[in-house]
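Breakdown of the fold
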Amino acid sequence: MQVSIACTDHNLKRGNGDHSKQNATSPNVVNQARAKFRTVAIIARSFGSVTPRHISLKESTGKYTGMKYRNLGKSGLRVSCLGLEQLMTIAYESGVNLFDTAEVYAGGRWVSRGRSSLVITTKLYWGGKGIKECSKVLLLNTCSITVLIGRSRDAFVSSPEIVRAMTYVINQGMAMYWGTSRWTAMEIMEAYSVARQFNLIPPVCEQAEYHLFQREKVEVQLPELYHKIGVGAMTWSPLACGVITGKYENGIPESSRASMKSYQWLKEKIVSDDGRKQQAKLKELNHIADKLGCTLPQLAVAWCLRNEGVSSVLLGTSNPEQLTENLGAIQVLPKMNSHIATEIDHILGNRPYNKKDYRP
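Counting from 1, residues in each chain are numbered in the order their sequence is written. Confidence filtering applies because this is a predicted model: local features only for residues at pLDDT of at least 70, side-chain atom pairs given and counted only at 80 or more, and all residues used for totals across whole chains, interfaces and linings. Values reported for side chains reflect all heavy atoms of the structure, with hydrogen atoms and water molecules removed beforehand.

Quick note on the threshold: UniProt positions are given in the numbering used here, feature names are shortened, and annotations may be inferred rather than shown by experiment.
An unreviewed UniProt entry lists the chain under the name Voltage-gated potassium channel subunit beta-1, with Cynoglossus semilaevis given as the organism. The chain has a UniProt comment under Sequence similarities (unreviewed entry) that states "Belongs to the shaker potassium channel beta subunit family."

Dropping the structure here:
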């Protein structure tokens, strides 16, 4: 069993200024941080002792579906280049071996079947109500490679505490890797430095948002970390919460996500000036999709996959038709040559500055 765990906070409220000064001002804050660290240890012990064993991932299905498999960072863990949060069975039969879950998702019940060729990622939040659910998922998947990813860091929990907690879990035989989600490059580098300084275990991957309109972190910051410390990128929201599907071209459909009260922020973003400009660019991108014989969502997913620093792109679909369409991006990937990429960059006009672009 290979398990990868990271623990951070879900409803994080980052403080301004130096964290050490905040801790020094109130004993209660220090006690709170220590309590959270003890929680991790308790959770780790509750998982029980598991003897790790290497399981070779079967990639035979990929030969028939065209699925590609890549190393997760420099860890040696092989994952499908497309990962999924839902509709597990269809995806599994299409060659997907990476499934992303969390305590706020559907509970991960499908993965309890114990498939030895799966890589399961899930999230654990400090003190969250879903801790027990996460524990159940890990306990049920003794035949799967489970990766427990954490959300953004808590301002009151230091990097040394997190790295020590993760090292403890791994040393207990319940994990082989741990990763992060929504951490800054500086925070990841800090965790790596702490791990090297105290002979602890560093993170191997970062979950980050990446799509046509969100590029800076994955294209500039994470490649630096990959080459320096081997942290791989596992990206999410390739369709920008549905914006890139084209469904909002003529307004907000009643059945769309943006029409829901909980997604008021998405609606405001779509109807803003920037949102209207994005819709105009999507119309131009549709011409490229037509030229390649694919849909706009397939073009967007294939564009994400073209980035050599991306180990896997997480798909979030709500029905089989959407899933089948998104999986079709694998067939579009070979068509994403440098000429097409340049055309897309020209339309988007948001290619981030990279050191490689500088010519003295």
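Now that the structure has been shown, the text picks up again.
**What about the nonpolar core?**
Note the threshold: Grouping buried Ala, Val, Leu, Ile, Met, Phe, Trp, Tyr and Cys residues that are joined through side-chain atoms within 4.5 Å yields what is termed a nonpolar core. Residue exposure (1.4 Å probe, protein chains only): buried if accessible area is under 20% of the type maximum, exposed if over 50%, otherwise partly exposed. Every helix listed is a DSSP run of H or I at least four residues long, and every strand listed is a run of E at least two residues long, numbered separately from the N terminus. Between two residues, a contact is recorded if the distance between any of their heavy atoms is within 4.5 Å.
Within the largest apolar cluster, 72 residues are counted, with the highest numbers of intra-cluster contacts made by Leu-82, Ile-244, Leu-285, Leu-299 and Ile-344. Here this core takes eight residues from helix H11 (residues 296-306), the largest share from any one element. The contacts of Leu-82, once residues within four sequence positions are left out, are Met-67, Val-96, Leu-98, Val-301, Leu-305, Ser-312, Val-313, Leu-315, Asn-326, Leu-327 and Ile-330. By size, the runner-up hydrophobic cluster in this structure holds 11 residues, among which are Val-204, Cys-205, Met-234 and Trp-236.

**So, unusual backbone geometry**
Phi is positive for Ala-240, close to 50°, though the residue is something other than glycine. On the secondary structure map, Ala-240 appears in the loop between strand S11 (232-236) and helix H9 (264-271).

**Re helix H14 (residues 338-348)**
Convention followed: Of all possible arcs, the one meant is that of the directions from the helix axis to the C-beta atoms. Any pair of N or O atoms that falls within 3.5 Å is considered a polar contact. Within protein, one atom must be able to donate a hydrogen and the other to accept it, and sequence-neighbouring residues count only if both atoms are side-chain atoms.
For H14, every residue scored as buried is listed here: Ile-340, Ala-341, Ile-344, Asp-345, Ile-347 and Leu-348. Buried residues of H14 fall within an arc of 160° about the axis and therefore sit on the same side. Residues of H14 that are exposed and point over 90 degrees away from its buried face: Ser-338, His-339, Thr-342 and His-346. Taken together, the buried residues of H14 touch helix H10 (273-292) and H11. You can read the cap of H14 off the contacts: a side-chain oxygen lies 3.1 Å from the backbone nitrogen of His-339, and it is on Asn-337. Looking at the residues trailing H14, positive phi occurs at Gly-349, about 65°.

**Some points on the packing of aromatic side chains**
To keep things clear, this is the line we draw: Ring pairs are drawn from Phe, Tyr and Trp, using the six-membered ring of Trp, whenever the two centres fall within 6.5 Å, and their geometry is named by plane angle: stacked under 30 degrees, edge-to-face over 60, tilted for the rest. Working rule: Lys NZ or Arg CZ, within 6 Å of ring centre, within 35 degrees of ring normal, means a charge sits over the ring.
Summed over all chains, the structure comprises three aromatic pairs. Taking the centre distance of 5.9 Å and the plane angle of 40° together, the rings of Tyr-263 and Trp-265 count as tilted. The positively charged end of Lys-74 is found above the aromatic ring belonging to Tyr-226, 5.0 Å away from the centroid. One cation-aromatic arrangement involves Arg-164 over Phe-198; the distance from NZ or CZ to the ring centre is 5.2 Å.

**Some thoughts on the pairing of strand S10 (residues 205-209)**
Here is the rule: Here, any two strands with at least 2 DSSP bridges between them count as paired. Consider the strands pointing away from the viewer: the crossover is right-handed when the path from the first strand over the helix to the second runs clockwise.
Here S10 lies mainly inside the structure; four of its five residues are buried. In the sheet, strand S9 (residues 179-181) pairs with S10 via two bridges, with the strands oriented parallel. Across the sheet, Thr-180 pairs through a bridge with Glu-206, a residue of S10. In this fold, the crossover linking S9 to S10 by way of helix H7 (residues 185-197) has right-handed handedness. Two strands pair when backbone bridges link them, and S10 and S11 are joined in this way by five bridges, in the parallel orientation. Along S11, the bridge assignment pairs Cys-205 with Gly-232. Handedness of the crossover joining S10 and S11 through helix H8 (residues 216-229) is recorded here as right-handed.

**Some details on the side chain of Asp-345**
Tracing the backbone shows Asp-345 in helix H14. When residues no more than four places from it in sequence are discounted, the contact partners of Asp-345 are Arg-215, Asn-350 and Arg-351.

**Some points on the packing of H7 against H8**
Put simply, the rule is: Axes, fitted as lines to C-alpha atoms, cover a helix only where it is in contact. Angles between the N-to-C directions of the axes lie from 0 to 180 degrees. Under this scheme an angle from 65 to 115 degrees is roughly perpendicular, one under 35 degrees roughly parallel, and one over 145 degrees roughly antiparallel; angles in between are oblique. By convention, the crossing between two helices is left-handed when the near helix turns anticlockwise from the far helix through less than a right angle, and right-handed when the turn is clockwise. Polar here means any residue outside two lists: the nonpolar Ala, Val, Leu, Ile, Met, Phe, Trp, Tyr, Cys and Pro, and the charged Asp, Glu, Lys and Arg; Gly therefore counts as polar.
Contact pair H7 / H8: the axes reach a minimum separation of 10 Å and the direction vectors enclose 15°. If you check the angle between H7 and H8, you find them roughly parallel. Relative to H8, H7 is oriented so that their crossing is right-handed. Residue-level inspection shows Ala-185, Ile-188, Met-189 and Tyr-192 of H7 in contact with H8, the latter providing Gln-221, Leu-225 and Ile-229. When its residues are assigned to classes, the contact of H7 with H8 shows six nonpolar, one polar and no charged.

**Notes on the pattern of salt bridges**
Heads up, the condition is: Salt bridges are defined by distance alone: a side-chain nitrogen of Lys or Arg within 4 Å of a carboxyl oxygen of Asp or Glu.
With the rule as written, the count across this model stands at eight salt bridges. The residue Glu-224 makes a salt bridge to Lys-228 at a minimum N-O spacing of 3.7 Å. Of this pair, Glu-224 and Lys-228 both sit in helix H8, four residues apart, which is roughly one turn of the helix. In this structure Glu-224 comes out as partly exposed when scored by relative accessible area, which is 33%. The class for Lys-228 is exposed, based on a relative accessible area of 58%. The salt bridge involving Lys-291 is made with Glu-343; its shortest N-O contact spans 2.9 Å. In this pair, Lys-291 sits in helix H10 while Glu-343 sits in helix H14, placing the two residues 52 residues apart along the sequence.

**A short note on the pairing of strand S12 (residues 310-315)**
Counting buried positions along S12 gives six out of six residues, so the element sits mostly inside the fold. The sheet contact formed by S11 and S12 spans three bridges and is parallel. Within the sheet, the bridge partner assigned to Ala-233 lies in S12 and is Val-310.

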